[in-house]
Structure formats: structure tokens, C-alpha cells
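An overview of the molecular structure
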There are 4 protein chains.
Amino acid sequence: MIVCLRKGATRDEVGEVIRRAESAGCRAIVTEGSEAIVVSLIGDTRRVDESLFRGCDSVEKTIRISKPWKLAARAMEPAGRVIHVGDVGIGDGRIAIMAGPCSIEGMDSLLPLAEACRAAGAQILRGGAYKPRTSPYAFQGLGREGIRCLVEARRRTGMPVVTEATGSHRHRSPDGAPEERSVLEEVVSNADILQIGTRNMKSYGFLEVAARATAARRMPVLLKRGEAASIEEFLLAAEYILLNGNPDVILCLRGIRSGEAGRHLRYDPDIAAIPVLKRETHLPVVFDPSHATGDRRYVRSIALAAAAAGADGLLIEVHDRPEEAWSDAGQAIRPEALGEIVRAARAIEAARGA
Amino acid sequence: MIVCLRKGATRDEVGEVIRRAESAGCRAIVTEGSEAIVVSLIGDTRRVDESLFRGCDSVEKTIRISKPWKLAARAMEPAGRVIHVGDVGIGDGRIAIMAGPCSIEGMDSLLPLAEACRAAGAQILRGGAYKPRTSPYAFQGLGREGIRCLVEARRRTGMPVVTEATGSHRHRSPDGAPEERSVLEEVVSNADILQIGTRNMKSYGFLEVAARATAARRMPVLLKRGEAASIEEFLLAAEYILLNGNPDVILCLRGIRSGEAGRHLRYDPDIAAIPVLKRETHLPVVFDPSHATGDRRYVRSIALAAAAAGADGLLIEVHDRPEEAWSDAGQAIRPEALGEIVRAARAIEAARGA
Amino acid sequence: MIVCLRKGATRDEVGEVIRRAESAGCRAIVTEGSEAIVVSLIGDTRRVDESLFRGCDSVEKTIRISKPWKLAARAMEPAGRVIHVGDVGIGDGRIAIMAGPCSIEGMDSLLPLAEACRAAGAQILRGGAYKPRTSPYAFQGLGREGIRCLVEARRRTGMPVVTEATGSHRHRSPDGAPEERSVLEEVVSNADILQIGTRNMKSYGFLEVAARATAARRMPVLLKRGEAASIEEFLLAAEYILLNGNPDVILCLRGIRSGEAGRHLRYDPDIAAIPVLKRETHLPVVFDPSHATGDRRYVRSIALAAAAAGADGLLIEVHDRPEEAWSDAGQAIRPEALGEIVRAARAIEAARGA
Amino acid sequence: MIVCLRKGATRDEVGEVIRRAESAGCRAIVTEGSEAIVVSLIGDTRRVDESLFRGCDSVEKTIRISKPWKLAARAMEPAGRVIHVGDVGIGDGRIAIMAGPCSIEGMDSLLPLAEACRAAGAQILRGGAYKPRTSPYAFQGLGREGIRCLVEARRRTGMPVVTEATGSHRHRSPDGAPEERSVLEEVVSNADILQIGTRNMKSYGFLEVAARATAARRMPVLLKRGEAASIEEFLLAAEYILLNGNPDVILCLRGIRSGEAGRHLRYDPDIAAIPVLKRETHLPVVFDPSHATGDRRYVRSIALAAAAAGADGLLIEVHDRPEEAWSDAGQAIRPEALGEIVRAARAIEAARGA
């Protein structure tokens, strides 16, 4: 960590910065430049809070140099981690295709849709049973019944399944008592990958609980980036999971709330975060063009852009009659469109590696 | 809700939009303009998902006209809600002063600090015992011991206390088992206002649980705006709490992640959200200049700006030796500085009402 | 245009809105919904300022439905415009490759670099002679000497050239007098495409002057999107050029100032704007991955993502010894790297069309 | 400037960084930490382009420590500059009130409005004659006739006037020839303060021309912050003016394009930039709540917030019949409302200084 003091800082002011640095267990080296005085902290600065120096009148800037994560760093596994789910190796250089409906709507619709997705090239089935929704008045998922459908779809198609659990229960038990732990346990007992959604990326206590629950079963976690989380915060959320015993974290980008967001597209597709993450971490990175755009007319372009930028996988919402989907109807594509995306993505997979 | 189709939309395309609108329980009125075709939905559109129409090739825009919240709307209580905590009426036209340390660091430091805050004009004592932290390596709060200190400080000073509980447990019990429910219960049993932090604003399940737990005791909830939450999402999070039985929600602004954020200040102080919220909702709005700036040199300016813009209260971090604070050291101000802010804020309180 | 009034609006308030609409030359149709009153304006609303209704107490929202541009709309040329520059057809389905140095540094360096770019697959040569710089202390381009180098490079390689002129002169004449008009004239007389940079996208007077000067010579204009310009503002800036007689506008994306910008990359690469623009306008869209990233390590990923998302061209900074470039040294790639990008982009060009 | 290399950087990689630093005329000092290698550059780093090191594989970060501006720095005039216009001292601790219509609409409306503004407490009259507009179809100002009105209003009321000139001409001369220079000269010959608008903040050539033209007459420049300009870019734009001979630059904030912008308000009112600028520079800082909000219902709150945060002045749009204003009708307030704002602002002026 580097602390920059303004040029005219007094001896006392410099001394104060050194004192604080030492109180945090670091050694301080002072370099006097022509335009500023720089104090470099040597030692384990991961535990030093940047704000320790913010607010000193003489301090102009505090800059963290070492990355605050350790287990999530690329250096931990320079070749990149491959996470195996059934036959698929996520992070092995090929693009893993995960597809399915936003919300599971029942056995009758899920089973043929799962077959259609598999036929179109999907390797992993996605589907929401517990849906966190911004409005308390919106449909919140089929819950247990949804999980049952997913398990049956896996039995019939052989595709592994990924579904979300949230930090607290989403429905009431018959007697009205909360059931939180059971939802996480239910999902962990039945799915092949646990999805942690964008709204819960900073529910650190839940990340810890979920990490331990999945680690016990060697189940990967698909962690979605928060809508406004920085790359640093995203990797620190992954670090919470790694530190609690589960090394198999799949990072999932799904658009952030920035510039373009909300004007033409629902979010700003964070394509550039793909190569940045691939450089910073060994964990695989998948992209969700459906949530990133919120509009089926743009799903193909953004999916292919993500593929070209180096994504290890795509997570795509599919529905056989998108206009009748129970949630996010505007962003689901038909199975045939999925097939075309998969074909183009495979060609790009070959081209990007060239 | 209004759905705009491009000018040349075919009869079938318009028919499809009408069909979807009716399937969602609404009546559709078509107006053909010189530049577009507009379908207006009449009925209860709160449950209609905007994305139902997104992705139709003929649809250019979908616009929600009625507000998606109901209980949080200003119309529910046009004069504005006053929430009483001890002697203080939050929302009564005066500026409620809440102050105290970021993290509680022990009885020896908290008690004199609480006295100093009261002497400086604070009416409610704040202090963190359970701290959600971005890095798993950072100090996460004193936990139970912190709550004990807070209770003792209240006994000695007579000030009501506000403190945070999170959606999942933050420390292990002696035998390592998770203790989540007990943290919420512990806080609810001991505090006067339950704080729900920025990272949990979208943990909807937790909002429901917390709403029911506090409603049972008629305890207000101070809900912090998420770092990138829109005004709509913030009010819908409040709606989750209102709908689950607790009408006493204090909205707290603390900076968002936008334009300026991270360059000169930690966040972008969302001062303008104060008058916007005061117009949209009857719930009181308080402002936290300490987190919004992350820098004690700017706390005073931003606190006074919030007061002038109409805030119902200020939530300010104070420490007697800020440079030694265990967390967010850079943003805490000294009790004397608090006193000066309170004096200026009272004068502004008089001026703004003029 | 649609004006939404709150449900309880009085007859007078509705009347006031109708009156204003009519004063702007439009007819007003009132629809009373269960939750709001909607006034639809029929007529030429392009000249109606949205703010005409903002600020009426009864008005909740004003929504422009018809696009404010006319000449830039896709409907003007539904098949998409192809702009011919030498042998290259920008917008013809293939990816036009424009490459060269950020700043021209002299004949000795430009000529071999231009040859190397051509050998690597570039079709158009770019190079800056007049450089608008954020700091008055930074190198501002070789000026006339740079233009001379560019002309010579074209003579030797046969590649058409694109270079920037700014809204005012950038260097002094020998007697210190301003020389603005001559810079635009100089560039228009010597280049094949006039580049208008991001900082001047909203210098509307300059857009008009430049449009007329280039129209006279049937020279295309490459218009860069402003750092924070919305899609609407970008297309309206193009509209200024089209309206002043030049139909050949090439839209160039180069990153915007948003979410990720300034943390890991210099800007936020606005990949998603490619398909949005392709839908809204018939004008070709090229992408500049060099400025969008500011970091040569990410140029390839982002260039390929832009290609996959449908870009009509790429504008890439190349230098034979990037570390010695006089400006933007960090983002230039070597000619060999350009060759690899071109090969992969051609494969993606085939795949995306599949 | 500080260049951070990753821990394992080779001797050659470090050598390369040192070589580049020296080629830029700086001395390099290497500090090897436990987690990174840091190279500090000593010398005049204002001319060193940060991107010189970006793109080296071993370089993790480049950080500029010394501020890139010199003449705009607070240290140049630590007590703060007071700019005198008529009787008003902008920057003298009091809040200068500038008010008037967005667009000048003719003598009949301007004269009584100017009188009403003066009566309400305004000290300087604002009014647009040359209006840069986002749409080529929008009203672009009365031009010369507007300037004539302004001059007459000054003669009658005694108030100094501020009005905008743009980087290029905005209307045609009778024979259709461009008239740019004349617009700047016309404004400089007739106004008391030259306004440079947000869209031209980065038209550096124009800043230079305008600086020299105003310096010759000792006329202050009111420079508006670009919609997405950083504090750094804003101060560097001011630096262009200072460096070209005019020391009297008034910085004007008017909202930026960020978080809230475009949802409830037109822009995000950048209140926090007031204290940041007051710390960084000696130049006075005024705030324009009319453009920042785009909605008259919020002008008062934001004006008072700016006053409380330390603004040296307010620039407010006033119209006697706002609903009939020719541009930005939604944001103009009535003269009586101005009077109330001035009264409250004076009380806040006293309170903030306390």
C-alpha cells in the first residue's frame, strides 16, 4: 500500500502516517519526490484498511497495490481451473452451454423444453425454482415443485442442473414458519451446481453457509456478479467461498448497472470483464446474455461477443413460447435460436484460439 | 402501462400485443399516432412484467406509468409519517441526529464516546456490532459483546440505539454451528431501531423475516439504500417490509456507486434523492454523510447539504480518536466536529423551512 | 409524445397540458386509466421540447415515442448504407480494417509502419496529426508535417487515409494568429475520411461546418461517440451532419465513461451499442478497441468481441515499437498482433453471418 | 508518478520500466515490497503520459501522484481567488446570485423579467442568445437580437450580464457564409462574463481562442463542467484558459450524467464536487440547480444544498411564465420563487460559516 502526502507535509504529519502504518503491523519507507512525499507500506497489507489514512489532512491519496484476495488469484493455479460437472469441463477452453427457462413452470413444459435445449446443443440445464424478485407482488417461483421438475428433467435428459438458492427462505411452510435452511439444503441435495444470484453476492454470511454446504458435497457454485459490484468486490465474494472450503467457483457475468443500462438494454453487458477476470483469476468465467440484455433481439450478438472475448460458457434463457413465459418473457429465445447461437459460438471458439 | 409499437406494425403484431395485455388481465386501448402506435393497458398493471412485451419485434418501448409500490406511496399518508423513537420524532420537520462509532470497540471506549455525542447534540446512538465486510480478512465486529456495550451505553445516556443485523450469521458459536436467527433476534431484543445495511437491501427473504420480527415489537427499521439501487428498487424494498407488517421504515441514503464515486470520494453522495423520495413517499429520509464521502474532510459539507435539501435526519460516524478506529477510520469525525455540524444544521433547519 | 398525469389531476391541470400541447402545434388525446391520466400528442413532435411539461405538478412523466432523428433512421435505407472509400465498402457485411499510429511521428517511422499495417491486413490507414489533448502540457500532434507524412504514406501504399480535424485550430501561425478554418480545409483537402473526435461530438457548429466542407467533396465523416453521449445524442450529432448535406457518416464507438471505466480499463467498451445502432440506423458502425481499453493486453479480446457483435469495421492503433510511441503508448499493438487479430476477425465474420 | 510491477517481475522487466521513465526525463527509484515492486518517478511528471507504462505485462498499475494542473491549483492562491464583476465579488464568501431566462425571447419579455430578478435578489443577469442544442431541429437562440436585448437590459437594470458563445458559429450570415469568429467577438464585446458551455468544455482550441479574447479585456470566463467530465478534466480545461492568459475562471457545476441522471432528474446534481473543488483549486465554484435537475420542483432543494455545501454562487433560470418559455420550460422558476431561494440561501450563507 502506498500513501501519498502533499509536498509541504510537516515532519509531524509524515510521522503520524508512519505511526499508523506501524500500528497496522507494517514497515514504512518514505520517498521524498519533487512533487509529493510517498510512504510505502511493506508487510501484509491485506488487513490494512485504506481508510486508515483517508482523512489525514496531509494525505492526498492511498493506493492499494497488492490485490486483497489470495485464493482467487490467478497465481494459485496459473493454468486456469477446470471445473467438471458431468461430462462438461468448465474452463477447459471450450464454451460450456447452459440453457433453460427463467422460471420453471411445471413438468409438462419443462420436459420437452429440456429435450429441445439438449438437441440444440445445451450441456447443462438451468431453471429457477426460487426466484428473488424486486417487487413483492411478482411471481416468486414454484419452489419445491420446481425442484422436483428439475430433478425429473435431469433423469430424462441426463443433463446436470443448475438452480438458485437465496439467503433466506422464499415461501412459507404450511404452518407459516420460516424455512430458510431447508431451501439451501433442498437445492444442495438436488442440483449439480448451486447458483448464487446477483442480489445475494454481498450476503457474506450466506456465502459462508453456502460454501460449507456445497463443499461437503464437492458441488460447484455459480456466483453471479452483483449489478454494481466492482471486479474487486466480485473476486472478494468468490474469496469468501474459497476460504470456506469450496474451490469450485464459476464466475458469472450478467450485465451491470452503468452507462447504457436501462435505456436500450436492461443492463450494460460487461463483456470487457471477461478478459480482465481471465487475467486476474484462475476461476472460469461464464456469461449470461439474457439478463445482460433483457431483450431477445440482442441475445445472439451479445452471446457471440462474449464467446469471442474468451468466455468459458454461456448461460441462456430459452422458452418454447417465450411470449408466455411467467417471468422475463422478453429475453427468452426459442430452442431453434439457441441452436444457431451454439453453431456460431463453436466457430468462434475455434477462431479465438487461432 | 404503455406499449409503443413502431409505425408500420401490422395488424397481427398489434393483435399480439393486445392478446398479451389481456392474458395479463388488462384491457388494451389502441391509439394510432402519426409516428407510432400506442397501446395503453388499463387495469391493475402492478403485476404485469414489463418484459412481457420486450422482445416483440414491433415493440419499441414499454413504459410503466403507475408506480409499482402501493404502501410506500406518499398518497398513503400525505402529511408524511413521523416515527417516534424515545423522545425523537423522525419526520416531524426537525433533523434527528444519530451518531456514534462505526464499530463498537468495547465498553471503555463506547461509554465516554456516547456521552460526548449526546453532549454534542446527538439524540440516537449508532454503533456496529455485526459488520458485513467486503473482504473476508477484515474485522467483522465484536458481535454479542458489542450489543452488550450498546445496551449499557443506552442505560447510562438514555439515548435509544440503532444497530445492524444481517441476513445470515456473522460469527460462529462455540461449537461452530451457524447462529443466524439468533443474531436478528438478539438485535431485535436489544436495539431500538433495526438497521438493514446496503448489502442486504435486496435480500428479500431477510427483509420479510426482519419485518415480521420488528413488527411484533413495534420497532422501526432503518433501511439503507443499496449502492446501486434505483429509487424504484429502494422503495420496493421498503414495500417488502411494509407488506410484512411493519409500517415504520426510515429510509437512509448513504451514497451510490456512480459518476464521482471512487475518485475523490468513496461514493457519490445522492443528495438529490432526498427531495425525490420526499415527494414519492411518506416515509422519513435520513442521510449518512460518513459513508457517502468516506472522508472526514467532506462530512460537514455533505451533512449540511443534506440538511438543506430536506433530510429528516443525519447519521454520522464519530470517534474520539478517529485515527485509531478499528474500521472506516478515515471517515469518523471528533465529537467537537459533530457539535459544530449540529449547530449549523439547526440553523439550516430554520432556514429551509422559511 | 406521451404525457402522464397523476390520477387525481384536476380538469384544469389536464387542460393546461392540452393547451401546451396545442401551443406546440400538436393534437392531444386524453385516455383516463385506472391509475393515471395519459395525454398522447399527435403531430410532428420532433420540435416539441420534453421539458415543456416537466415541472407541472400534475405531470409524472413525459415520454418521447417517435425518435427525434429522421435522416439517421434505419427506415431511410433499410438495407443499410455502404460507404465506399477506395476499394473498401464500409457496411457491406465485411469488417473494414483501419489501422495506424495514434500520433504520426515523422516520415521515417510512418512509412514502414504503414507498409506493415497493410501487410497485416489493414485497408485504411489512420494517424493523428492534430491531437486534442486533455492536458495543455501534452504533445498536441505534428500538425501540417503530420498531414504531409500521411499523404506520402498513401502515395506509397495506396491505402486511403483517415485523420482528425478539430473545431478550432491547434497550433499558431508564424504571426500568432488563429488558423482554424485552414485546419479543417487542410484535412479535407488531403484525407479520404474526416475524423471528428469524441471531444467535438457536441460541437454542433463545427459539425455543420465540417458537414458542408466534406459534402462538397463527397468525403465520408467518421464520427466518434462522445465519452458519455447517449445513443440518442450520438445519432442526433450524425443527424446534424446528414442535414447539412453529407449522407456518408461512419459511426465509431470507442468506449464510454461508465461502470468499469477507469478501474481496469480506460473506458467501458460499449460493445452492446453495436447491435443497438445497427437496429436504429442505416449508417455503418465501426469499433475502436484501442481507445476503449487503453491497454494493449485487452485489444484483441475486445476487437474480436466487436466483430462478433456485428461491427462493420475496426479502428486499431499500431506501432512498431509501442513502448516508444509519443502518445497513448500503452494501447498500441505491434503489426504482427494486428495480423493475428485480422485473421481471427475474418473467421468470426464468416461465423457471425452463419 | 508511481508504477507498480507484479511481484515476480524479472530484472529485465524492471529495467524496461526504468528505461521508459528515464526516456521521459525522470529519475526512477525502485522499492521492492513483499507483494509488489514499486518504481517511483522523480522529476516533472506532468508531461509523462500514464499510458507509457500501461500495457507492459509486468505493470499492474500506474498512479499519478502530483496533480497534472499547476495554475489551477489551490496552492497558487491559497486564500481563494475573488473575481469582481461590477459590485459583486465572486468567491468572497457570499453567494453570488445569477439569474435570468434560459433563452432570451425578445425585449418585451426580457426587460420586465430582468427587473423582477433584480428585485428578487439577483446580482447578475443570465440569458442565452446562442444556444447549442442536441437536436438540429430545436430552437437555437435569437442570436444577435438576443445580445441586443441583453445589452439593453443591463443599461436599464445596471446588472452585469453573462451569456454563452460557442466554438463555432450558430447561425448563417445573410449570404450563408460562416461567421464563427464574429460570435465570440460579439459576445466578448458585449457581455461582462463569457460563458463556455458544457458541450464545449473539451473544445480545447476554442478554450485557447476564448481565453486570449477575454484576457485582452480582463473579462471573466464562466466554464461549465462537461456532462461526464472528471474533476481532473474540468480543472485541466480551466488550466487551458489560465495558461492562455486569463486568470479569472469561474467554475460552474450543472449536473453530470451518472447514477440518478435521466430517471427522476435530468442530471445527477454533483453537489459533492463543490467541496472537492474548493479544496483543489483557488477558483470560485458556482452551481446551476436548473440544469442539474431539469425540473422546477427540485430547483429550491438543490440550490439550498449547493449553498450549504459551500458554493460561491448560484445560476438559476427564471421566467415570468415558465410554461411558455421557448426552451427548457420545465426547469424555470418564477421570480417570486427566486426571491424565496435567495432569502433561504442568505440564511444558509450565515449558518455554513458559523
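Owing to the predicted nature of the structure, the values given are computational and were not obtained by experimental measurement.

Broken down by element type, chain A carries ten helices and 14 strands. Referenced to the eigenvectors of the C-alpha coordinate spread, the extents of chain A come out at roughly 75 × 55 × 40 Å. Looking at chain A as a whole, 67% of its 354 residues qualify as buried. At a minimum sequence separation of 6, the contacts of chain A that also span at least 24 residues come to 71%. Taken as a whole, chain A presents about 11,300 Å² of accessible surface, with 48% of it coming from carbon and sulfur. For chain A, the distance from the average position of its 49 positive side-chain charges to the average position of its 47 negative side-chain charges is 1 Å.

Position of C:Asp312 among the secondary structure elements: in the loop between helix 9 (296-308) and strand 14 (313-317). Look at C:Asp312 and you get buried, because its relative accessible area is 3%.

In this section: the relation of the copies chain D and chain C. Overlaying chain D with chain C gives an RMSD of 0.0 Å, the required rotation being 180 degrees about an axis along which the chain moves by 0.0 Å. Taken together, the rotation angle and the small translation identify this as a two-fold axis. By C-alpha distance to the rotation axis, the residue of chain D lying nearest is D:Ala228, at 2.9 Å. Mapped onto chain C, 100% of the interface residues of chain D are again interface residues, and the two copies thus contact each other with one and the same surface.

Helix packing geometry: the angle between the two helix axes and the distance between the axes. Residue and element names in this part refer to chain A. Between helix 2 (residues 107-119) and helix 3 (residues 144-157), whose axes approach to 9 Å, the crossing angle comes to 40 degrees. The orientation of helix 2 with respect to helix 3, classified from their angle, is oblique. The crossing of helix 2 and helix 3 is right-handed. Taken together, the residues of helix 3 that come into contact with helix 2 (itself represented by Met107, Leu110, Leu111, Ala114, Glu115 and Arg118) are Arg148, Cys149, Leu150, Glu152, Ala153, Arg156 and Thr157. Considering only residue class, the contact of helix 2 with helix 3 consists of seven nonpolar, one polar and five charged.

All names here are of chain C. Taken together, the four strands give an open sheet; going across it, the order is 2-3-1-4, and neighbouring strands pair in antiparallel fashion. A strand with exactly one partner marks an edge of an open sheet, and here the two such strands are strand 2 (27-32) and strand 4 (59-63). Recorded for the sheet is a direction-independent mean angle of 20 degrees between the axes of neighbouring strands. Of the pairings in the sheet, the one linking strand 1 (residues 2-6) to strand 4 comprises four bridges and is antiparallel in character. Within strand 4, the position partnered with isoleucine 2 by the bridge is isoleucine 63. Each of strand 1, strand 2, strand 3 (36-42) and strand 4 is contacted by helix 1 (residues 11-23), which is oriented at about 165 degrees to strand 1, the strand it contacts most.

The next thing to look at is the packing of helix 5 (residues 204-215) of chain A against helix 6 (residues 231-243) of chain A. Residues and elements named next belong to chain A. Between helix 5 and helix 6, whose axes approach to 8 Å, the crossing angle comes to 40 degrees. Comparing the axis directions of helix 5 and helix 6 gives the class oblique. The handedness of the crossing between helix 5 and helix 6 is right-handed. Along its contact with helix 5, which presents Tyr204, Leu207, Glu208 and Ala211, the element helix 6 presents Ala237, Tyr240 and Ile241.

What follows covers the interface of chain A and chain B. How big an interface is tends to be expressed through the accessible area that disappears when the partners come together. Listed per partner, the contact involves 61 residues of chain A and 61 residues of chain B. Summed over both partners, the interface of chain A with chain B comes to about 5,200 Å²; 45% of that surface belongs to carbon and sulfur atoms. Our count for the contact surface shared by chain A and chain B stands at four salt bridges. Note that A:Glu227 and B:Lys202 form a salt bridge whose closest N and O atoms lie 2.6 Å from each other. There are 15 residue pairs in polar contact (both at pLDDT 80 or more) connecting chain A and chain B. For the side of chain A that touches chain B, the elements supplying multiple residues, two or more each, are helix 1 (11-23), helix 5, helix 6 and helix 9 (296-308) of chain A. Of all the elements, helix 5 of chain A adds the most residues to the side of chain A that touches chain B, at six residues. Of the residues belonging to the side of chain A that touches chain B, the class tally is 17 nonpolar, 16 polar and 28 charged.

On to the pairing of strand 10 (residues 193-196) of chain A, then. Along any regular strand, the residues point their side chains to alternate faces of the sheet. Residue and element names in this part refer to chain A. The alternating pattern of strand 10 places Ile193 and Gln195 on one face and Leu194 and Ile196 on the opposite face, and all of these are buried. Sheet topology note: the strand 9 (residues 161-164)/strand 10 ladder contains three bridges and is parallel. Counted as the bridge partner of glutamate 164 is glutamine 195 from strand 10. In this structure, strand 10 lies alongside strand 11 (residues 221-224), joined through three bridges in parallel fashion. Within the sheet, the bridge partner assigned to glutamine 195 lies in strand 11 and is leucine 222. Following the backbone out of strand 10, through helix 5 and into the adjacent parallel strand 11, one traces a crossover that is right-handed.

This model, assessed by the stated rule, comprises four aromatic pairs over all chains. Centroid distance D:Tyr204 to D:Tyr240: 4.5 Å. Interplanar angle 20 degrees. Geometry classified as stacked. Placement of the pair is D:Tyr204 in helix 5 (residues 204-215) and D:Tyr240 in helix 6 (residues 231-243), with a sequence separation of 36 residues. D:Tyr204 gets classed as buried once you look at its relative accessible area, which sits at 1%. For D:Tyr240, a relative accessible area of 1% corresponds to the buried category. Note that C:Arg254 overlies the ring of C:Tyr267, its terminal NZ or CZ placed 4.3 Å from the centroid.

As a further point, take the state of the cysteines. All told, the structure shown has zero disulfides over all chains when counted by the stated rule. Looking at the unpaired B:Cys149, the closest cysteine sulfur is the one in B:Cys117, lying at 15 Å. Here B:Cys149 falls in the buried class, since its relative accessible area comes to 0%. Cysteine D:Cys102 shares no disulfide, and the gap to the nearest cysteine sulfur, in D:Cys252, comes to 13 Å.

Attention now moves to the confidence of the model for chain A. All names here are of chain A. Averaged over every residue, the pLDDT of chain A is 89; residues scoring 70 or more account for 93%. A low-confidence stretch, residues 169-180 stays under pLDDT 50, and its non-local contacts, those more than four residues away or across chains, total 32 contacts. Across the whole predicted complex the pTM is 0.91, and at the interface the ipTM reaches 0.90.

Its 13 residues give helix 2 (residues 107-119) of chain B an end-to-end C-alpha distance of 18 Å, which sits within 8% of 18 Å, the value for a rise of 1.5 Å per residue. Those residues of helix 2 of chain B that are buried are in contact with strand 7 (96-100), strand 8 (124-126), helix 3 (144-157) and helix 10 (335-353) of chain B.

What follows concerns the interface of chain D and chain C. Listed by partner, the interface residues are 61 residues for chain D and 61 residues for chain C. Buried surface at the junction of chain D and chain C, summed over both partners, amounts to about 5,300 Å²; 45% is from carbon and sulfur atoms. Summed over the shared surface of chain D and chain C, the number is four salt bridges. Elements supplying a minimum of two residues to the side of chain D that touches chain C: helix 1 (11-23), helix 5, helix 6 and helix 9 (296-308) of chain D. Counting residues per element, the side of chain D that touches chain C draws most heavily on helix 5 of chain D, which supplies six residues. For the side of chain D that touches chain C, the class distribution of residues is 17 nonpolar, 16 polar and 28 charged.

What follows is about the sheet that holds strand 3 (residues 36-42) of chain B. All names here are of chain B. Across the sheet, four strands lie side by side as 2-3-1-4; this open sheet has antiparallel pairing. A strand with exactly one partner marks an edge of an open sheet, and here the two such strands are strand 2 (27-32) and strand 4 (59-63). Neighbouring strand axes in the sheet, compared pairwise and without regard to direction, differ in orientation by 20 degrees on average. Along the sheet face, helix 1 (residues 11-23) touches strand 1 (2-6), strand 2, strand 3 and strand 4 and points at about 165 degrees away from the line of strand 1.

Residues and elements named next belong to chain B. Between its terminal C-alpha atoms helix 1 stretches 18 Å, which fits the 18 Å expected from 13 residues at 1.5 Å a residue. Among all positions of helix 1, only Val14, Val17, Arg20 and Ala21 are buried. Angularly, the buried residues of helix 1 cover 125 degrees about the axis, an arc narrow enough to put them on a single face. Seen from the open side of helix 1, the exposed residues pointing more than 90 degrees away from its buried face are Arg11, Asp12 and Ser23. Looking at the buried residues of helix 1, the elements they touch are strand 1, strand 2, strand 3 and strand 4. Where helix 1 terminates, the next one or two residues include glycine 25, which has phi positive at roughly 85 degrees.

Residues and elements named next belong to chain C. The topology assignment puts lysine 224 in strand 11 (residues 221-224). With a relative accessible area of 4%, lysine 224 lands in the buried category. Polar contacts involving the side chain of lysine 224 include one to the side chain of aspartate 288, which spans 2.8 Å. Once residues within four sequence positions are removed from consideration, lysine 224 is found in contact with Gln195, Ile196, Gly197, Thr198, Met201, Phe234, Cys252, Arg254, Asp288, His291 and Leu315.

The rules we used
- Residues numbered from 1 in each chain as written.
- Chains lettered and ligands numbered in written order.
- Predicted model: local features only at pLDDT ≥ 70, side-chain atom pairs only at ≥ 80, totals over all residues.
- Heavy atoms only, no water.
- Helix = DSSP H or I, 4+ residues; strand = E, 2+ residues; numbered from the N terminus.
- Buried < 20%, exposed > 50% of the residue type's maximum accessible area, 1.4 Å probe, protein only.
- Contact = heavy atoms within 4.5 Å.
- Areas by Shrake-Rupley, 256 points an atom, 1.4 Å probe, with all protein chains shown as cover.
- Lys, Arg positive; Asp, Glu negative; His and termini not counted.
- Charge placed at Lys NZ, Arg CZ, Asp CG, Glu CD.
- Least-squares fit on C-alpha atoms with pLDDT ≥ 70 in both.
- Axes fitted to C-alpha atoms, helices over the stretch in contact; angles between N-to-C directions.
- Parallel < 35°, antiparallel > 145°, perpendicular 65-115°, else oblique.
- Left-handed = near helix turned anticlockwise from the far one by under 90°.
- Nonpolar A, V, L, I, M, F, W, Y, C, P; charged D, E, K, R; others polar.
- Pairing = 2+ DSSP bridges.
- Buried area = accessible area lost by both parts, 1.4 Å probe.
- Salt bridge = Lys/Arg side-chain N within 4 Å of Asp/Glu carboxyl O.
- Polar contact = N/O pair within 3.5 Å; in protein donor to acceptor, adjacent residues only side chain to side chain.
- Right-handed = clockwise from strand over helix to strand, strands pointing away.
- Phe/Tyr/Trp six-rings, centres within 6.5 Å; stacked < 30°, edge-to-face > 60°.
- Lys NZ or Arg CZ within 6 Å of the ring centre and 35° of its normal.
- Disulfide = S-S within 2.5 Å.
- pLDDT = per-residue confidence, 0-100.
- Expected span 1.5 Å × (residues − 1).
- Arc of directions from axis to C-beta.

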